[in-house]
Amino acid sequence: GNSVTQMEGPVTLSEEAFLTINCTYTATGYPSLFWYVQYPGEGLQLLLKATKADDKGSNKGFEATYRKETTSFHLEKGSVQVSDSAVYFCGETSYDKVIFGPGTSLSVIP
Amino acid sequence: GAGVSQTPSNKVTEKGKYVELRCDPISGHTALYWYRQSLGQGPEFLIYFQGTGAADDSGLPNDRFFAVRPEGSVSTLKIQRTERGDSAVYLCASSLDSSSTDTQYFGPGTRLTVL
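This one's a predicted model, so the numbers in the text were calculated from it and none came from an experiment.

Cut-offs and rules
Residues numbered from 1 in each chain as written. Chains lettered and ligands numbered in written order. Predicted model: local features only at pLDDT ≥ 70, side-chain atom pairs only at ≥ 80, totals over all residues. Heavy atoms only, no water. Pairing = 2+ DSSP bridges. Helix = DSSP H or I, 4+ residues; strand = E, 2+ residues; numbered from the N terminus. Axes fitted to C-alpha atoms, helices over the stretch in contact; angles between N-to-C directions. Contact = heavy atoms within 4.5 Å. Buried area = accessible area lost by both parts, 1.4 Å probe. Salt bridge = Lys/Arg side-chain N within 4 Å of Asp/Glu carboxyl O. Polar contact = N/O pair within 3.5 Å; in protein donor to acceptor, adjacent residues only side chain to side chain. Nonpolar A, V, L, I, M, F, W, Y, C, P; charged D, E, K, R; others polar. Disulfide = S-S within 2.5 Å.

**Q** Where do I start with the sheet that holds strand 3 (residues 19-21) of chain A in this structure?
**A** Sheet strands associate in pairs through backbone hydrogen bonding, adopting either a parallel or an antiparallel arrangement. Residue and element names in this part refer to chain A. An order of 3-9-8-7 is seen for the 4 strands of this open sheet, with the pairing classed as antiparallel. For this open sheet the edge positions go to strand 3 and strand 7 (56-59), each flanked by a neighbour on one side alone. Direction aside, the axes of adjacent strands within the sheet are offset by 15° on average. Where strand 7 and strand 8 (residues 62-65) come together, 4 bridges link them in antiparallel fashion. By the bridge assignment, Asn 59 is partnered in strand 8 with Phe 62.

**Q** How should the interface of chain A and chain B be read in this particular structure?
**A** Where interface size is quoted, it is often the accessible area lost as the parts come together. Each side of the interface is counted separately: chain A has 19 residues, and chain B has 21 residues. Interface area for chain A against chain B, summed over the two sides, is near 1500 Å², with a carbon-plus-sulfur share of 53%. When the buried surface of chain A facing chain B is broken down by residue, Leu 44, Asp 96 and Lys 97 of chain A rank first, second and third, together holding 34% of it. Viewed at the interface, chain B and chain A are joined by 1 salt bridge. Across the contact surface, chain A and chain B share 5 residue pairs in polar contact (both at pLDDT 80 or more). Those elements that provide at least two residues to the side of chain A that touches chain B are strand 5 (32-38), strand 6 (44-50) and strand 10 (86-93) of chain A. Ranked by the residues each element gives to the side of chain A that touches chain B, the list is headed by strand 5 of chain A, at 4 residues. Within the side of chain A that touches chain B, the residues separate by chemical class into 9 nonpolar, 7 polar and 3 charged.

**Q** Explain the state of the cysteines to me, please; I cannot follow it from the model alone.
**A** By definition, a disulfide links the sulfur atoms of two cysteines through a covalent bond. All names here are of chain A. Applying the stated criterion across every chain, the model contains 2 disulfides over all chains. Here Cys 23 engages in a disulfide with Cys 90; their sulfurs sit 1.9 Å apart. On the sign convention where negative is left-handed, the bridge of Cys 23 and Cys 90, at about -70° about the S-S bond, is left-handed. Of the two residues, Cys 23 sits in strand 4 (residues 23-25) while Cys 90 sits in strand 10, which places them 67 residues apart along the sequence.

In C-alpha coordinates, the structure reads:
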(Lines give C-alpha, C1' and ligand atoms only; values in the text may rest on other atoms or scores of the structure.)
Protein backbone atom coordinates (compact mmCIF):
# COMPACT_ATOMS: atom_id res chain seq x y z
CA GLY A 1 0.00 0.00 0.00
CA ASN A 2 0.88 3.66 -0.13
CA SER A 3 3.16 5.13 2.50
CA VAL A 4 4.73 8.39 3.56
CA THR A 5 8.30 8.69 4.78
CA GLN A 6 9.59 11.54 6.90
CA MET A 7 12.99 12.35 8.26
CA GLU A 8 13.43 10.95 11.73
CA GLY A 9 13.51 13.19 14.73
CA PRO A 10 13.81 14.56 17.17
CA VAL A 11 15.11 17.72 15.61
CA THR A 12 16.52 20.42 17.88
CA LEU A 13 17.21 23.89 16.51
CA SER A 14 18.13 27.25 17.92
CA GLU A 15 15.69 30.09 17.49
CA GLU A 16 15.94 31.79 14.07
CA ALA A 17 17.57 28.74 12.48
CA PHE A 18 16.44 27.39 9.10
CA LEU A 19 14.19 24.33 9.17
CA THR A 20 13.78 21.56 6.63
CA ILE A 21 11.78 18.41 7.30
CA ASN A 22 11.93 15.97 4.40
CA CYS A 23 8.86 14.07 3.24
CA THR A 24 8.40 11.63 0.38
CA TYR A 25 5.26 9.80 -0.70
CA THR A 26 4.52 6.71 -2.78
CA ALA A 27 0.99 7.25 -4.11
CA THR A 28 0.73 7.15 -7.88
CA GLY A 29 -1.45 9.54 -9.76
CA TYR A 30 -2.07 12.95 -8.24
CA PRO A 31 -2.60 12.75 -4.50
CA SER A 32 -3.17 15.80 -2.37
CA LEU A 33 -0.37 16.46 0.08
CA PHE A 34 -0.62 17.87 3.58
CA TRP A 35 1.42 18.94 6.55
CA TYR A 36 -0.34 18.70 9.89
CA VAL A 37 1.07 19.96 13.19
CA GLN A 38 0.41 18.76 16.72
CA TYR A 39 1.38 21.24 19.43
CA PRO A 40 1.95 19.87 22.94
CA GLY A 41 -1.35 18.91 24.52
CA GLU A 42 -3.38 19.83 21.45
CA GLY A 43 -5.03 18.05 18.53
CA LEU A 44 -3.87 17.76 14.94
CA GLN A 45 -4.15 20.97 12.95
CA LEU A 46 -3.70 21.46 9.25
CA LEU A 47 -0.59 23.56 8.63
CA LEU A 48 -0.64 23.67 4.83
CA LYS A 49 -1.59 21.66 1.78
CA ALA A 50 -1.04 21.37 -1.96
CA THR A 51 -3.39 19.65 -4.36
CA LYS A 52 -1.47 19.51 -7.61
CA ALA A 53 2.06 19.29 -8.92
CA ASP A 54 4.24 22.39 -8.50
CA ASP A 55 1.75 23.95 -6.08
CA LYS A 56 3.29 25.63 -3.06
CA GLY A 57 1.42 25.52 0.23
CA SER A 58 2.27 28.15 2.81
CA ASN A 59 1.14 29.21 6.27
CA LYS A 60 2.71 30.87 9.34
CA GLY A 61 6.03 31.22 7.52
CA PHE A 62 6.14 27.53 6.60
CA GLU A 63 6.27 26.44 2.96
CA ALA A 64 6.21 23.17 1.05
CA THR A 65 6.25 22.57 -2.72
CA TYR A 66 4.59 19.57 -4.39
CA ARG A 67 7.34 17.94 -6.44
CA LYS A 68 5.95 15.12 -8.52
CA GLU A 69 9.27 14.33 -10.21
CA THR A 70 10.84 13.50 -6.83
CA THR A 71 7.57 12.51 -5.07
CA SER A 72 8.44 14.94 -2.30
CA PHE A 73 6.79 17.61 -0.19
CA HIS A 74 9.54 18.96 2.07
CA LEU A 75 8.57 21.44 4.78
CA GLU A 76 10.71 24.56 5.20
CA LYS A 77 10.79 27.66 7.37
CA GLY A 78 13.40 30.34 7.17
CA SER A 79 13.50 31.33 10.84
CA VAL A 80 11.97 29.10 13.49
CA GLN A 81 10.59 30.32 16.81
CA VAL A 82 10.23 28.63 20.17
CA SER A 83 6.48 28.50 19.54
CA ASP A 84 7.09 26.22 16.52
CA SER A 85 8.06 23.37 18.87
CA ALA A 86 5.65 20.59 17.96
CA VAL A 87 5.33 17.30 16.09
CA TYR A 88 4.92 17.66 12.32
CA PHE A 89 3.16 15.03 10.22
CA CYS A 90 3.33 14.76 6.46
CA GLY A 91 0.35 13.14 4.75
CA GLU A 92 -1.03 12.14 1.37
CA THR A 93 -4.52 11.39 0.22
CA SER A 94 -5.46 9.95 -3.13
CA TYR A 95 -9.01 8.76 -2.56
CA ASP A 96 -10.41 9.31 0.88
CA LYS A 97 -8.20 8.61 3.87
CA VAL A 98 -5.05 10.50 4.76
CA ILE A 99 -1.94 8.35 5.00
CA PHE A 100 0.37 9.90 7.54
CA GLY A 101 4.08 9.69 8.04
CA PRO A 102 5.41 8.79 11.50
CA GLY A 103 5.89 12.42 12.54
CA THR A 104 8.95 14.54 13.23
CA SER A 105 9.35 16.13 16.63
CA LEU A 106 10.83 19.63 16.57
CA SER A 107 12.21 21.44 19.58
CA VAL A 108 13.30 25.05 19.21
CA ILE A 109 15.51 26.41 21.97
CA PRO A 110 16.00 30.11 22.75
CA GLY B 1 -18.11 27.78 14.78
CA ALA B 2 -17.60 24.59 16.73
CA GLY B 3 -14.96 22.15 15.64
CA VAL B 4 -14.99 18.38 15.84
CA SER B 5 -15.70 17.20 19.37
CA GLN B 6 -15.01 13.80 20.90
CA THR B 7 -16.15 12.24 24.12
CA PRO B 8 -14.89 11.09 26.48
CA SER B 9 -11.47 12.71 26.39
CA ASN B 10 -10.06 9.84 28.43
CA LYS B 11 -11.33 6.32 28.93
CA VAL B 12 -9.77 3.70 31.16
CA THR B 13 -11.19 0.21 30.95
CA GLU B 14 -10.29 -3.33 31.83
CA LYS B 15 -9.30 -6.01 29.39
CA GLY B 16 -12.34 -7.74 27.96
CA LYS B 17 -14.76 -4.84 28.47
CA TYR B 18 -16.82 -3.06 25.82
CA VAL B 19 -16.28 0.65 25.06
CA GLU B 20 -17.95 3.28 22.94
CA LEU B 21 -16.24 6.42 21.71
CA ARG B 22 -18.29 9.30 20.33
CA CYS B 23 -17.52 11.84 17.63
CA ASP B 24 -19.53 14.96 16.80
CA PRO B 25 -18.36 16.37 13.44
CA ILE B 26 -18.48 19.91 12.17
CA SER B 27 -22.03 20.80 11.19
CA GLY B 28 -22.63 20.25 7.48
CA HIS B 29 -19.67 17.96 6.94
CA THR B 30 -20.78 14.83 5.13
CA ALA B 31 -17.57 12.85 5.45
CA LEU B 32 -16.37 11.47 8.80
CA TYR B 33 -13.19 9.53 9.52
CA TRP B 34 -11.79 7.53 12.42
CA TYR B 35 -8.05 7.13 12.96
CA ARG B 36 -5.96 5.52 15.69
CA GLN B 37 -2.69 7.01 16.91
CA SER B 38 -0.28 4.97 18.97
CA LEU B 39 2.45 6.64 20.96
CA GLY B 40 5.17 8.06 18.75
CA GLN B 41 3.36 7.15 15.54
CA GLY B 42 1.31 8.93 12.93
CA PRO B 43 -2.45 8.41 12.87
CA GLU B 44 -3.60 5.24 11.10
CA PHE B 45 -6.87 5.11 9.20
CA LEU B 46 -9.67 2.94 10.54
CA ILE B 47 -12.93 3.75 8.76
CA TYR B 48 -14.62 6.48 6.76
CA PHE B 49 -18.29 7.41 6.36
CA GLN B 50 -19.92 9.31 3.57
CA GLY B 51 -23.30 10.22 5.01
CA THR B 52 -24.70 7.28 6.95
CA GLY B 53 -22.81 4.52 5.18
CA ALA B 54 -19.32 3.20 5.78
CA ALA B 55 -17.59 3.86 2.46
CA ASP B 56 -14.27 2.31 3.46
CA ASP B 57 -13.69 0.18 6.56
CA SER B 58 -10.45 -1.37 5.36
CA GLY B 59 -8.48 -0.03 8.32
CA LEU B 60 -10.49 -1.73 11.05
CA PRO B 61 -8.03 -4.20 12.60
CA ASN B 62 -10.52 -6.99 13.28
CA ASP B 63 -14.20 -7.72 13.92
CA ARG B 64 -14.04 -6.45 17.50
CA PHE B 65 -14.13 -2.93 16.04
CA PHE B 66 -17.32 -1.48 14.64
CA ALA B 67 -18.56 2.03 13.91
CA VAL B 68 -21.92 3.55 13.11
CA ARG B 69 -23.27 6.89 11.94
CA PRO B 70 -27.04 6.31 11.88
CA GLU B 71 -28.20 9.82 11.05
CA GLY B 72 -25.25 11.03 9.05
CA SER B 73 -23.90 13.24 11.81
CA VAL B 74 -22.65 11.84 15.13
CA SER B 75 -20.61 8.66 14.93
CA THR B 76 -19.78 6.03 17.53
CA LEU B 77 -16.77 3.74 17.42
CA LYS B 78 -17.43 0.54 19.32
CA ILE B 79 -14.78 -1.86 20.56
CA GLN B 80 -15.75 -5.24 21.97
CA ARG B 81 -13.64 -7.43 24.24
CA THR B 82 -10.94 -4.80 24.55
CA GLU B 83 -7.30 -5.86 24.61
CA ARG B 84 -4.25 -4.07 25.99
CA GLY B 85 -3.05 -3.54 22.43
CA ASP B 86 -6.11 -1.39 21.75
CA SER B 87 -4.67 1.33 23.99
CA ALA B 88 -4.15 4.41 21.83
CA VAL B 89 -5.59 7.82 21.03
CA TYR B 90 -8.63 7.50 18.79
CA LEU B 91 -9.06 10.49 16.51
CA CYS B 92 -12.09 11.57 14.58
CA ALA B 93 -12.01 13.93 11.62
CA SER B 94 -14.62 15.41 9.32
CA SER B 95 -14.56 17.12 5.96
CA LEU B 96 -17.08 18.91 3.79
CA ASP B 97 -17.16 15.96 1.43
CA SER B 98 -14.89 13.09 0.54
CA SER B 99 -12.89 14.74 -2.21
CA SER B 100 -9.18 14.07 -1.87
CA THR B 101 -8.54 17.81 -1.95
CA ASP B 102 -10.77 18.51 1.03
CA THR B 103 -9.18 19.31 4.35
CA GLN B 104 -9.93 16.91 7.18
CA TYR B 105 -10.48 18.68 10.50
CA PHE B 106 -9.50 16.65 13.54
CA GLY B 107 -10.99 16.44 16.98
CA PRO B 108 -8.89 16.38 20.16
CA GLY B 109 -9.10 12.60 20.41
CA THR B 110 -10.09 10.05 23.02
CA ARG B 111 -7.23 8.47 24.91
CA LEU B 112 -8.16 4.84 25.55
CA THR B 113 -6.23 2.86 28.14
CA VAL B 114 -6.93 -0.84 28.51
CA LEU B 115 -5.58 -2.26 31.75
